[in-house]
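Survey of secondary and tertiary structure
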Amino acid sequence: MQKTDETQSRLDKQFAFLRELDKEKQIIRQTYLADGSRLENDAEHAWHMAVMALFLSEYSNEKIDLLRTISMILLHDVVEIDAGDTYAYDEVAKKSQTDRERQAADRLFGLLPDDQGKHFKALWEEFEERKTPEARFAKALDNFQPLMLNAASDGKSWEEHGVRLEQVLARNGRSKEGAKELWSYVYEHFIMPSVENGKLKG
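Worth saying up front: this structure is predicted, and the values here are computed from it rather than measured. (Residues numbered from 1 in each chain as written. Predicted model: local features only at pLDDT ≥ 70, side-chain atom pairs only at ≥ 80, totals over all residues. Heavy atoms only, no water.)

Here we come to the nonpolar core. Of all hydrophobic cores here, the largest spans 32 residues; its most connected members are L141, F144, L147, V168, I191 and L200. Looking at this core, the elements that each hand over two or more residues are helix 2 (42–56), helix 3 (66–75), helix 7 (114–129), helix 8 (133–152), helix 10 (165–171) and helix 11 (180–196). Sort the elements by how many residues they give to this core and helix 8 lands first, with seven residues. Among all residues touching F144, those that are not within four sequence positions of it are M52, N172, S175, A179, L182, W183 and V186. Core analysis: the second largest hydrophobic core is formed by 12 residues, A104, A105, L108 and F109 among them. (Core = buried A, V, L, I, M, F, W, Y, C linked by side-chain atoms within 4.5 Å. Buried < 20%, exposed > 50% of the residue type's maximum accessible area, 1.4 Å probe, protein only. Helix = DSSP H or I, 4+ residues; strand = E, 2+ residues; numbered from the N terminus. Contact = heavy atoms within 4.5 Å.)

This next bit is on helix 1 (residues 5–21). When the terminal C-alpha atoms of helix 1 are compared, their 24 Å separation across 17 residues agrees well with the 24 Å that a helix rising 1.5 Å per residue should span. For helix 1, the set of buried residues is Q14, F17 and E20. The buried residues of helix 1 occupy an angular sector of 125° when the element is viewed end-on, so they sit on one face. Within helix 1, the exposed residues directed more than 90 degrees away from the buried face are D5 and R19. Those residues of helix 1 that are buried are in contact with helix 3, helix 4 (80–83), helix 6 (97–109) and helix 7. (Expected span 1.5 Å × (residues − 1). Arc of directions from axis to C-beta.)

Structural data, given as structure tokens:
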């Protein structure tokens, strides 16, 4: 099938975005892999969350569109290509996070054809605003995934950063809005054992 100039231009834009997306593999987070051998990157975090959504969607408080949820998850940290990773407990960096990430969203989604750029930027904004069942569940998983890895890696990152129980509870203050049952499990199996063994300061 012969490609028209319009089709070619659309594909050029789509592949330009996909090439830029490769940079997400270079954004290093402050969460260790489960075995504690190294820090994970943003792409690994998004993939892990997407798989979690696939297997744990039955625990969402509300019925969700799974494809929409996974789409949000896969795109939620794309902005860190420009904005960098903001550590969950870095209160100074969090002050400029919103502005940095909005500028990044404008540039990165602006690489796409207009219809896709608007659609996927709106999905990113939906995730950030947490106003839909899909966004609430995705946000909960965004908190639970590092909690699971922190517990599995024997609290390595928590110890390095001197993270305290009250900080973890504050960050997860709204997690139950997306998945009440999962939050109870995470609290009982990941958080409290880490407090009891001294890896997370009470």
